[in-house]
Amino acid sequence: MKRVVCVVLVVMTAFAVYAEQLTVGTIRGMMRYSPAVVKVLGEAGYNITIRPFDTQEELIKAAATGSVDGAFFLAQPVIAQIKGSVMIPARLMNSDFCAISTDSSVTVSNPGDLRKYTVGVVKGHPGHAAVTRGMKVFETQDDMDQFKQLAEGKYQVAIVVQEMVPSMARASGLKTYYIQQPPLMRTPTFFMLGSGKASHRKPVEDAFKKAMDSGAWEREIAAAGQ
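Presented here is a report on the structure given in the accompanying data block.

## A short note on the nonpolar core
Thought 1: Membership of the largest hydrophobic core comes to 68 residues, with the highest contact counts inside it found for Leu114, Ile159, Phe191, Phe208 and Trp217.
Thought 2: The greatest single-element share of this core, amounting to eight residues, is contributed by strand S4 (residues 86–101).
Thought 3: Setting aside chain neighbours within four positions, we find Ile159 in contact with Phe97, Cys98, Ala99, Leu114, Val119, Gly120, Val121, His128, Val131, Thr132, Gln146 and Leu184.

Shown next as structure tokens:
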């Protein structure tokens, strides 16, 4: 019996040593979902290291340059911007695009309400562009710049992904803000593999599909959100 246990331990140790290593990026607002990703991919034989980024722009740049092997959770139009990336077609989460303001009197319950205010967006961001289509907006260089200009009163409303607000507010020094509800747009988000990692598509896709079909993914996400 002891010999069997020893053999099993040796096999498990060897498996851990030779498990495929992947560094996966995400924005800090999504870090609480890291255990779910690590667990799903760990069961598929991957050893995952999670690397957090303050802004989506930094995450996209890291994925495009190969600084990370993959990323979660990104919308399809964002993934399409990253040359050589591979989207895993399993709908894992949703991104809620909301209006945020520093003025408690601002009320935005639908995209039409945005026309009553000055609005700041990140230049080239497909989600921001979709929410404000046809409107005159203030364009900023990135998320950090957008939050800082909102704090400085350059405009009344910013379009943001709700999950990013707490971390971006802290990083930019925005102390008081009001998130408008309901969300102005909800878009599905996915896991992506970076350039040169396409060979992992099938095992990664199978791992997420298995977790979703069994209900394990939903349970892990629910637990992370508590």
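## Considerations on the pairing of strand S1 (residues 20–27)
Thought 1: Where S1 meets strand S2 (residues 46–53), eight bridges bridge the pair, whose relative direction is parallel. When the bridges of S2 are listed, Thr26 appears paired with Pro52.
Thought 2: One crossover worth recording links S1 to the parallel S2 by way of helix H2 (residues 34–43), and it is right-handed.
Thought 3: The sheet contact formed by S1 and strand S3 (residues 70–75) spans two bridges and is parallel. Residue pairing across strands places Val24 opposite Gly70, the latter belonging to S3.

## Considerations on the packing of aromatic side chains
Thought 1: According to the stated counting rule, one finds six aromatic pairs in the structure shown.
Thought 2: Between Tyr33 and Phe73, the ring centres sit 6.1 Å apart and the planes meet at 65°, which makes this aromatic pair edge-to-face. Here the residue Tyr33 occupies a position in the loop between S1 and H2, and Phe73 occupies one in strand S3, the gap between them amounting to 40 residues.
Thought 3: Grouped by ring-pair contacts, the aromatic residues Tyr33, Phe72, Phe73, Phe191, Phe208 and Trp217 constitute a single cluster.

## Focus on the side chain of Gln56
Thought 1: Mapped onto the fold, Gln56 is located in helix H3 (residues 56–65).
Thought 2: Look at Gln56 and you get buried, because its relative accessible area is 10%.
Thought 3: Other than its neighbours up to four places away in sequence, Gln56 contacts Ile27, Leu74, Val78, His125, Asp143 and Met164.

## Quick word on helix H8 (residues 201–214)
Thought 1: Counted at 1.5 Å a residue, the expected span for H8 with its 14 residues is 20 Å, and the 20 Å between its end C-alpha atoms agrees.
Thought 2: All buried positions along H8 are accounted for by Val204, Ala207, Phe208 and Ala211. Buried residues of H8 fall within an arc of 90° about the axis and therefore sit on the same side. Looking at H8, the residues exposed on the side facing more than 90 degrees away from the buried face are Lys202, Lys210 and Asp213.
Thought 3: Of the surrounding elements, those touching the buried residues of H8 are H2, S2, S4, strand S9 (185–193) and helix H9 (216–224).
Thought 4: A positive phi of about 90° marks Gly215, the residue just after H8.

Conventions we followed
- Residues numbered from 1 in each chain as written.
- Predicted model: local features only at pLDDT ≥ 70, side-chain atom pairs only at ≥ 80, totals over all residues.
- Heavy atoms only, no water.
- Core = buried A, V, L, I, M, F, W, Y, C linked by side-chain atoms within 4.5 Å.
- Buried < 20%, exposed > 50% of the residue type's maximum accessible area, 1.4 Å probe, protein only.
- Helix = DSSP H or I, 4+ residues; strand = E, 2+ residues; numbered from the N terminus.
- Contact = heavy atoms within 4.5 Å.
- Pairing = 2+ DSSP bridges.
- Right-handed = clockwise from strand over helix to strand, strands pointing away.
- Phe/Tyr/Trp six-rings, centres within 6.5 Å; stacked < 30°, edge-to-face > 60°.
- Expected span 1.5 Å × (residues − 1).
- Arc of directions from axis to C-beta.

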